[in-house]
Amino acid sequence: MSTVLIIALIVVVVAVLAVGAVAVVNSKRGTGGRRGLRHRFGPEYDRAVARHDGDTKAAERDLGERVKRHGSLRTRPLEPAAREQYAARWTVAQERFVDSPRAAVTEADRLIAELAGARGFPDAGHYEDQIEALSVHHAHHVHGYRRVHRAALGTTGPEEGRTGTLGGTLSGTEADTAAGTEEMRAAMIEARALFDALVAEQRSDTGAAHTDRHDTHKRSTGITHKGVQHG
C-alpha cells in the first residue's frame with residue numbers, strides 16, 4: 001500500500017471520528033447528558049426508567065425529547081387578581097374534601113390544568129403534552145398532578161388489609177372506600193406543591209424548576225389525616 005493511500009485513509013478516519021465527536025457533544029449540550037438529565041429531572045428520571053422497564057437509554061431518549069420539545073418554553077406571568085382567584089378556588093376545593101373527596105380532587109385536577117394553561121404550558125385539552133412540559137420545568141412536583149389526575153378519574157389503586165380507627169380490619173367496600181379516600185388525600189397534598197409553584201410570582205423562568213422544589217414545601221397543605229386544617 002502506497003504512502004499516499006495510507007495518508008488518505010488516515011485523513012478519512014480522522015474526519016469520521018471528528019464528525020462523530022461533534023455529534024455526541026451537540027447531543028449532550030442539548031439534553032445535558034445522563035448526569036444533566038438526572039440533575040434536571042430528579043425523581044422524574046427514575047420514573048421514566050421504570051416506565052421503560054429499566055431501559056436507561058430509552059428513558060434518557062424520552063427525557064431528552066421532552067427537553068427538546070418544551071425546554072425553550074417561557075411561562076406567562078399571572079396578574080395579581082388572577083393569582084388571588086386561583087388561590088381562593090384551591091382553598092374552596094380543599095375545604096370541600098371533608099364532605100366530598102372525589103369532587104375536591106376533581107376540582108384540584110381541573111384547577112391545575114387550567115392554571116398551567118394560563119401560565120403558558122399546553123392547555124388542559126392536551127393532558128399528556130401538558131404533563132410532559134410540566135415535567136421539564138417542574139420535575140420535582142409534576143408527579144403530584146399525575147396522582148390527583150388519576151384520583152379524579154377514579155383510577156387509584158386500593159390498598160389491602162387497611163386497619164380501621166378502632167383497630168379492626170376493614171373489608172370489602174369499606175376497605176376500598178378507606179383506601180381510596182386516603183389516596184385522594186395524599187394525591188391532593190402532593191399536588192399542592194405544583195399548584196403553589198405555578199401560582200407563585202416567580203423571579204425567573206430558568207430558575208423555576210430548581211427553586212420551587214424548596215419553597216413550596218414551606219407552605220401548609222391545609223389537609224391532615226383528619227380532614228382540613230384551619231388556621
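Residues numbered from 1 in each chain as written. Predicted model: local features only at pLDDT ≥ 70, side-chain atom pairs only at ≥ 80, totals over all residues. Heavy atoms only, no water.

Trainee: Could you clarify how one ought to interpret the overall build of the protein in this entry?
Mentor: Per the secondary structure count, the protein includes 10 helices and two strands. The 231 residues of the protein split such that 41% are buried. Residue pairs at least 24 apart in sequence account for 68% of intrachain contacts in the protein once pairs closer than 6 positions are excluded. (Helix = DSSP H or I, 4+ residues; strand = E, 2+ residues; numbered from the N terminus. Buried < 20%, exposed > 50% of the residue type's maximum accessible area, 1.4 Å probe, protein only. Contact = heavy atoms within 4.5 Å.)

Trainee: Looking at this structure, how should I read the pattern of salt bridges?
Mentor: Any two side chains of opposite charge can pair, on the condition that their charged atoms come close. For the coordinates displayed, the defined rule picks out 15 salt bridges. The residue Asp-46 makes a salt bridge to Arg-38 at a minimum N-O spacing of 3.9 Å. With relative accessibility at 45%, the residue Asp-46 sits in the partly exposed group. Relative accessible area serves as the criterion here: at 45%, Arg-38 is assigned to the partly exposed category. Here the residues in one salt-bridge network are Glu-44, Arg-47, Arg-51, Asp-62, Arg-66 and Arg-146, joined through shared partners. (Salt bridge = Lys/Arg side-chain N within 4 Å of Asp/Glu carboxyl O.)

Trainee: How should I be thinking about the packing of aromatic side chains in this particular structure?
Mentor: Aromatic rings in a pair are described by how distant their centres are and how their planes are angled relative to each other. Inspection of every chain in the model, using the stated rule, returns two aromatic pairs. Residues Trp-90 and Phe-195 carry aromatic rings whose centres are separated by 4.6 Å and whose planes lie at 25° to one another, so their mutual orientation is stacked. Here Trp-90, found in helix H5 (residues 80-96), pairs with Phe-195, found in helix H9 (residues 172-199); they are 105 residues apart in sequence, far enough to count as distant. Classification of Phe-195 as buried rests on a relative accessible area of 2%. Between Tyr-127 and Tyr-145, the aromatic rings sit 5.6 Å apart at their centres with planes inclined by 75°, giving edge-to-face as the arrangement. Taken together, the positions of Tyr-127 in helix H7 (residues 127-137) and Tyr-145 in helix H8 (residues 142-153) put the pair 18 residues apart, joining distant regions of the chain. (Phe/Tyr/Trp six-rings, centres within 6.5 Å; stacked < 30°, edge-to-face > 60°.)

Trainee: I would appreciate a short explanation of helix H4 (residues 56-70) in the present structure.
Mentor: Count 3.6 residues to each turn of an α-helix, and residues three or four apart come out pointing the same way. End to end, H4 covers 21 Å across 15 residues, agreeing with the expected 21 Å (1.5 Å per residue, within 8%). Those residues of H4 not exposed but buried are Ala-58, Ala-59, Glu-60, Asp-62, Leu-63, Gly-64, Arg-66, Val-67 and His-70. Residue Asp-55 occupies the N-cap position of H4, its side-chain oxygen lying 3.3 Å from the main-chain nitrogen of Lys-57. (Expected span 1.5 Å × (residues − 1). Polar contact = N/O pair within 3.5 Å; in protein donor to acceptor, adjacent residues only side chain to side chain.)

Trainee: Is there a simple way to explain the confidence of the model for the protein in this structure?
Mentor: Close inspection of predicted coordinates is inappropriate for parts of the model with low pLDDT. The share of residues in the protein with pLDDT of 70 or more is 65%, and the mean pLDDT across the chain is 77. Throughout residues 21-31 the model reports pLDDT below 50, and contacts reaching past four residues in sequence, or to other chains, amount to six contacts. Under a pLDDT of 50 for its full length, residues 203-219 has, in the predicted model, 27 contacts with residues more than four places off or in other chains. (pLDDT = per-residue confidence, 0-100.)

Trainee: What exactly am I supposed to notice about helix H2 (residues 33-41) here?
Mentor: Regarding H2, the residues found buried are Gly-33, Leu-37 and Phe-41. Looking down the long axis of H2, one finds its buried residues gathered within 85° of arc, a one-sided arrangement. The exposed set on the far side of H2, more than 90 degrees from its buried face, consists of Arg-35 and His-39. Looking at the residues trailing H2, positive phi occurs at Gly-42, about 55°. (Arc of directions from axis to C-beta.)

Trainee: Which parts of the structure should I look at to understand the nonpolar core?
Mentor: Generally speaking, a soluble globular protein has its nonpolar side chains buried in company with each other. Among the nonpolar cores identified, the biggest contains 32 residues, and Ile-112 and Tyr-145 are the most heavily contacted of them. Look past the residues within four positions of Ile-112 in its chain and what remains in contact with it is Trp-90, Tyr-145, Val-148, Ala-191, Leu-194, Phe-195 and Leu-198. (Core = buried A, V, L, I, M, F, W, Y, C linked by side-chain atoms within 4.5 Å.)

Trainee: Even after reading the chapter, I still don't get the environment of Ala-116, so can you show me in this structure?
Mentor: Topologically, Ala-116 is positioned in helix H6 (residues 101-118). A residue is classified by how much of its surface remains accessible, and Ala-116, at 0% relative accessible area, is buried. The spacing of Ala-116 and Leu-198 is 82 residues in sequence and 6.8 Å in space, taken between C-alpha atoms.

Trainee: Got a minute to help me understand the packing of H4 against H7 in this structure?
Mentor: Two quantities define a packed helix pair, namely the angle between the axes and the distance from one axis to the other. Where H4 contacts H7, the axes come no closer than 9 Å and their chain directions differ by 95°. As the angle between them shows, H4 and H7 are arranged roughly perpendicular. Residue-level inspection shows Arg-66, Val-67, Arg-69 and His-70 of H4 in contact with H7, the latter providing Asp-129, Glu-132, Ala-133, Ser-135, Val-136 and His-137. Counted by class, the contact of H4 with H7 contains three nonpolar, three polar and four charged residues. (Axes fitted to C-alpha atoms, helices over the stretch in contact; angles between N-to-C directions. Parallel < 35°, antiparallel > 145°, perpendicular 65-115°, else oblique. Nonpolar A, V, L, I, M, F, W, Y, C, P; charged D, E, K, R; others polar.)

Trainee: Where do I start with the packing of H7 against H8 in this structure?
Mentor: The interhelical angle for the contact between H7 and H8, taken along N-to-C directions, is 155°, at an axis separation of 9 Å. The angle between H7 and H8 places the two elements in the roughly antiparallel class. Residues Tyr-127, Gln-130, Ile-131, Leu-134 and Ser-135 of H7 form the contact with H8, whose participating residues are Val-142, Tyr-145, Arg-146 and His-149. Classifying every residue of the contact of H7 with H8 by side-chain character gives five nonpolar, three polar and one charged.

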